[in-house]
Amino acid sequence: MSVNRKLFLAIMFVLLIALVIALASGVALTLMGDPPKDAVKGGAFAFMGVATLGTGIVALFRFREGGMMAPPAQPPQGAPTP
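Note that the coordinates shown come from a computational prediction; the quantities given were computed from them, not determined experimentally.

So, on to the overall build of the protein. Tallying secondary structure elements over the protein gives 2 helices and 0 strands in all. Expressed as a percentage of the 82 residues in the protein, the buried residues total 13%. In the protein, of all internal contacts separated by at least 6 residues, the share reaching a separation of at least 24 is 72%. Accessible surface, the protein: about 6,800 Å² in total, of which carbon and sulfur atoms supply 73%.

Rendered as structure tokens:
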């Protein structure tokens, strides 16, 4: 899988999780008796906070081409083994 596709999927996953958290917080605010306008604002702030934090965390990772990692290096012939 290409690097761009991996990054795209990671960011879409973060945005999906942020959307679920935003909806849950909006519903929770509504159930606690806040007016709908304040519940929408609270959900929007939750979405922006989680999306910003999650995107920042994803940006810290370096995505690489290919799916397999290189095998571990073998000790040279005749070297003592632990």
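In this section: helix H2 (residues 36-60). Here H2 contains 25 residues, and its C-alpha end-to-end distance of 36 Å stays within 8% of the 36 Å for a straight helix at 1.5 Å per residue. Restricting attention to buried positions, one finds in H2 the residues Ala39, Gly43, Ala46, Ala51, Gly54 and Val58. Close packing links the buried residues of H2 with helix H1 (3-31).

For the rest of this paragraph, the subject is the environment of Val40. Structurally, the position occupied by Val40 is in helix H2. What makes Val40 exposed here is its relative accessible area of 59%. Taking the C-alpha atoms as reference, Val40 lies 8.8 Å from Leu23; in sequence the two are 17 residues apart.

Cut-offs applied
- Residues numbered from 1 in each chain as written.
- Predicted model: local features only at pLDDT ≥ 70, side-chain atom pairs only at ≥ 80, totals over all residues.
- Heavy atoms only, no water.
- Helix = DSSP H or I, 4+ residues; strand = E, 2+ residues; numbered from the N terminus.
- Buried < 20%, exposed > 50% of the residue type's maximum accessible area, 1.4 Å probe, protein only.
- Contact = heavy atoms within 4.5 Å.
- Areas by Shrake-Rupley, 256 points an atom, 1.4 Å probe, with all protein chains shown as cover.
- Expected span 1.5 Å × (residues − 1).

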